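Listed below, chain by chain, are the residues.
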Amino acid sequence: MENFPQSCNTAPTSQTTTRRTFLQHCSLPAWVALSSTLALLLTPPLHAQEKPIPTTAIPLVEEPSVSTKMPRDQFNHMAQLLSGREKLDKTLLEKAFLALQRNNPKFESMLNELHQLIDVEEIASAQAFMENKAVAKQPAAIECAKQIISALYTGRVGQGSKAELISYEQALMYQPTIDITVIPSYSRGGRDYWIQAPI
Amino acid sequence: MPISYDADVIIVGTGVLGSLAAWQLARHGHSVMMLEAGPLAKRWQIVERFRNNPIKENFNRPYPEQAWAPKSYGGVYSDSYLENTGPFEFRPGYLRLVGGTTWHWAAASWRYLPNDLKLKSLYGRGRDWPISYDELEPWYQLAEESLGVCGNATEDQSGQGKKTPFPHRSKDYPLPQLGWSAFTQAFAQKATAAGFRFVDEPQARTSRPYDGRPACSGNNNCMPICPSAAMYSGIVHVDKALAAGAKIIPNAVVFKLEKSADSDKITAVHYRTPDKKDFRLTSRYVIVAANGIETPKLLLLSDVANSSDQVGRNLMDHTGIGLTFLSKEEMWPGRGPVQQGCILNWRDGEFRAKHSAIKHSLGNAVPNLDVVQRLIGKGLFGQALNKQIRQDAARWVSLSTVFEMLPHAKNRITLSSNKDVLGFPKPSVYYEVDNYIQAATRIAKNDYKKLLTAFNGTVVNDNTGWQNRDHIMGSVIMGDNAKTAVVDKDCRTFDHSNLFLATTGVFPACGVVNPTLTGAALSLRLAQKIMEAL
């Protein structure tokens, strides 16, 4: 008997079929194609539980159209989860998202795949993301996650002439050492502060 | 009827060497005209451009980019300006603006050793300088006082463990040694215990308020821009020269030194403006102070000073390698200025007959960008990432190793067939690393092993390949013979009695210490020679 893969053209019929088991038997692109319909049918998506980003306080950013709200919310969710921070500066998030969009034409689709994977695998923390076996088999999803976290931590997106600054002082990479070292060009210590050991 | 001139002295280039000469001449009552290919920029503008620059590692990027005077890289015109035809991409970071490249440097201000100037006669390698340390000493002192150098006058800076200070000095440093960061102290202690001789780096950075500059407050941003002016840059002496009556014309690209029809003199300097208008100025003396690449380029373009066929040849840098590792113990780099000391065991000795001298310089820059990029590459996220950033940033040790290159005729700057927007040829470089340096890498890598053992270190990168060190030397080489050198020991061209070159490009042997202070001493000295003749 030929071992055909289970068809993905039928919706789950059993109450015991979870989104996780469903995904395990389907290719990711096929799942993505169905995802928006299924997500609405099964449970409210996570982004629906979040407050929309106020855009009036952010200069030079156009009011997002209906079609872009979903990726933005996905992005904010991923940024929070992957950074382990519930509170992230909204301007930083907005600028990072727009820069990643500009820098990589496939970013939104990569983000969507990453978000669905997180959703299906019911990943709720950065630690769970790092340890998840299904994630480990999805290099594109990991790459997308790295792009998001790199933007937030280094404060920049892209290489060479395409490089864009998102933030300098707000880049998250300085926070873990902010009690010890300066953000270069922003001295806080005064003359000779460096002579004494910091700890 | 007496000939009238536009100025006593025209100086092409306004970096530290050109502006020091301008200041020295102007304050003694001589009329000085400074011509600068690039524009004038304010410190605050450069600081803002740095903060808004997405590629913080690129020290040229925060500086103005202009089509008519490209930098060595760091912009749409600059990135295609300096061409390379050899196996090594020779691309020193240099700027084109008023004040020059010491806007971004780490301000290391070393004197050469007497033996550095006698490499050929002592060790049979390369060339000797035609000038001795004793002749240079008073000019070193004036240069240190002009730049505001802090240092430790009690150490043996040759790294040979002598009990007495070396090289000898007529006076103490103008500023006391800048206190070492706890990181530098910890490194020095362990390295010393492992047999290394770690020496304080003299630096043009104010350990106390000096000459209108504030004391260093440890912004850790010496490269690419000190926000407070505690670190010296050439703009200090541009301002002093202007206050003493010198004139300056920015955005004036000098393209021709005009030769006299009936004497050996340079009679005029021609420059082109961004709107492609040409101007001609005359002076009794001309100093070209346009760095070690732009200076030979101008001489070649003008077909002057090259009867020896040495203009553009003998190009040298302190071509180097690097080591980055994580120490077992917390050390916390990134507090205070970006570098404070070096390992100098291999600065001088009989070994120089066989292989290059070596210097390992300890970096003290805030490492977070390098740390976080490495950790994201490893796939860390969330709290694990934050925790590891702190862990690694506290242990990040970065060493920059330099070697002493020898002068070789084949390593040279020529004029490219490609032109810039003003219609002038771009500089083209051929450079390959020599066997003298290759032989020293085995020694340097053995030092790396000892250091890794001493610090119980985990290697981050011990295979960098050859790296630029931005110290351009040899390209308008100094000597005592007009047939084999471009300038004499006064930095006067053999071919033109009124043409002087103020650039580290005159160095015939390069040691392993940063060349700027020696260049500054030579520049002050050549200004004196011109004053004596005026």
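Residues numbered from 1 in each chain as written. Chains lettered and ligands numbered in written order. Predicted model: local features only at pLDDT ≥ 70, side-chain atom pairs only at ≥ 80, totals over all residues. Heavy atoms only, no water.

**Topic: a nonpolar patch on the surface**
Step number 1: Nonpolar side chains collect at one region of the surface, where Val76, Tyr77 and Val421 of chain B lie side by side and expose about 290 Å² of accessible area between them.
Step number 2: Inspection of the secondary structure puts Tyr77 of chain B in the loop between α2 (43-51) and β3 (83-84). (Patch = residues over 30% accessible without salt bridge, like charges linked within 9 Å, V, L, I, M, F, W, Y side chains within 5 Å. Areas by Shrake-Rupley, 256 points an atom, 1.4 Å probe, with all protein chains shown as cover. Salt bridge = Lys/Arg side-chain N within 4 Å of Asp/Glu carboxyl O. Helix = DSSP H or I, 4+ residues; strand = E, 2+ residues; numbered from the N terminus.)

**Section: the pairing of strand β16 (residues 425-430) of chain B**
Residues and elements named next belong to chain B.
Step number 1: Along β16, 5 of the 6 residues are buried, which leaves the element largely enclosed by surrounding structure.
Step number 2: As defined by bridge partners, β3 adjoins β16 across 2 bridges and the pair is classed as parallel. What sits directly across from Asn84, in β16, is Val429.
Step number 3: Pairing of strand β15 (residues 412-419) with β16 involves 5 bridges; the strand directions are antiparallel. Each residue of the ladder has a partner; that of Thr414, found in β16, is Ser428.
Step number 4: What sits between the antiparallel neighbours β15 and β16 is a turn of 5 residues, in which Gly423 has the positive phi angle 95°. (Buried < 20%, exposed > 50% of the residue type's maximum accessible area, 1.4 Å probe, protein only. Pairing = 2+ DSSP bridges.)

**Quick notes on the nonpolar core**
Step number 1: Ranked by size, the top nonpolar core spans 204 residues in total, and within it Ile148 of chain A together with Phe187, Leu257 and Ile287 of chain B carry the most contacts.
Step number 2: Among the elements that take part in this core, helix α11 (residues 516-533) of chain B stands out by supplying 9 residues, more than any other.
Step number 3: Ranked by size, the runner-up nonpolar core spans 6 residues in total, among them Ala37, Phe255, Leu422 and Phe424 of chain B. (Core = buried A, V, L, I, M, F, W, Y, C linked by side-chain atoms within 4.5 Å.)

**Some details on the pattern of salt bridges**
Residues and elements named next belong to chain B.
Step number 1: Tallied over the full model, the rule gives 29 salt bridges over all chains.
Step number 2: Between Arg51 and Glu48 there is a salt bridge, with its nearest N and O atoms 3.6 Å apart. Placement of the pair is Arg51 and Glu48 together in helix α2, with a separation of 3 residues, close to one helical turn.
Step number 3: Residue Arg51 is classed as buried on the basis of its relative accessible area, which comes to 17%.

**Some remarks on the sheet that holds β3 of chain B**
Residue and element names in this part refer to chain B.
Step number 1: If you trace the 3 strands from one edge of the open sheet to the other, you get β3-β16-β15, paired in mixed fashion. The open sheet has two free edges, formed respectively by β3 and β15, since each of these has just one partner strand.
Step number 2: Its contacts with the sheet put helix α7 (residues 291-302) on β15 and β16, and the angle it makes with β15 is roughly 70°. (Contact = heavy atoms within 4.5 Å. Axes fitted to C-alpha atoms, helices over the stretch in contact; angles between N-to-C directions.)

**A closer look at the packing of helix α8 (residues 368-377) of chain B against helix α9 (residues 382-393) of chain B**
All names here are of chain B.
Step number 1: Two numbers describe how α8 lies on α9: the axes approach to 10 Å, and their chain directions differ by 135°. It follows that α8 is oblique to α9 by the angle criterion. The two elements α8 and α9 cross, and the hand of that crossing is right-handed. The segment α8 lies against α9, with Asn368, Val371, Val372, Arg374, Leu375 and Ile376 engaging Leu385, Gln388, Ile389, Asp392 and Ala393.
Step number 2: Taken together, the residues that form the contact of α8 with α9 break down as 7 nonpolar, 2 polar and 2 charged. (Parallel < 35°, antiparallel > 145°, perpendicular 65-115°, else oblique. Left-handed = near helix turned anticlockwise from the far one by under 90°. Nonpolar A, V, L, I, M, F, W, Y, C, P; charged D, E, K, R; others polar.)

**Remarks on the interface of chain B and chain A**
Step number 1: Chain B puts 52 residues into the contact, and the matching count from chain A is 42 residues.
Step number 2: Taken over both partners, the interface formed by chain B and chain A buries close to 3,900 Å², and the fraction arising from carbon and sulfur atoms is 61%.
Step number 3: For the pair chain B and chain A, the interface holds 3 salt bridges.
Step number 4: A salt bridge links Arg390 of chain B to Asp179 of chain A, with the shortest nitrogen-to-oxygen separation between them at 2.8 Å.
Step number 5: Those elements that place two or more of their residues in the side of chain B that touches chain A are α2, α5 (182-193), α8 and α9 of chain B.
Step number 6: When the residues that make up the side of chain B that touches chain A are grouped by side-chain class, the tally is 23 nonpolar, 21 polar and 8 charged. (Buried area = accessible area lost by both parts, 1.4 Å probe.)

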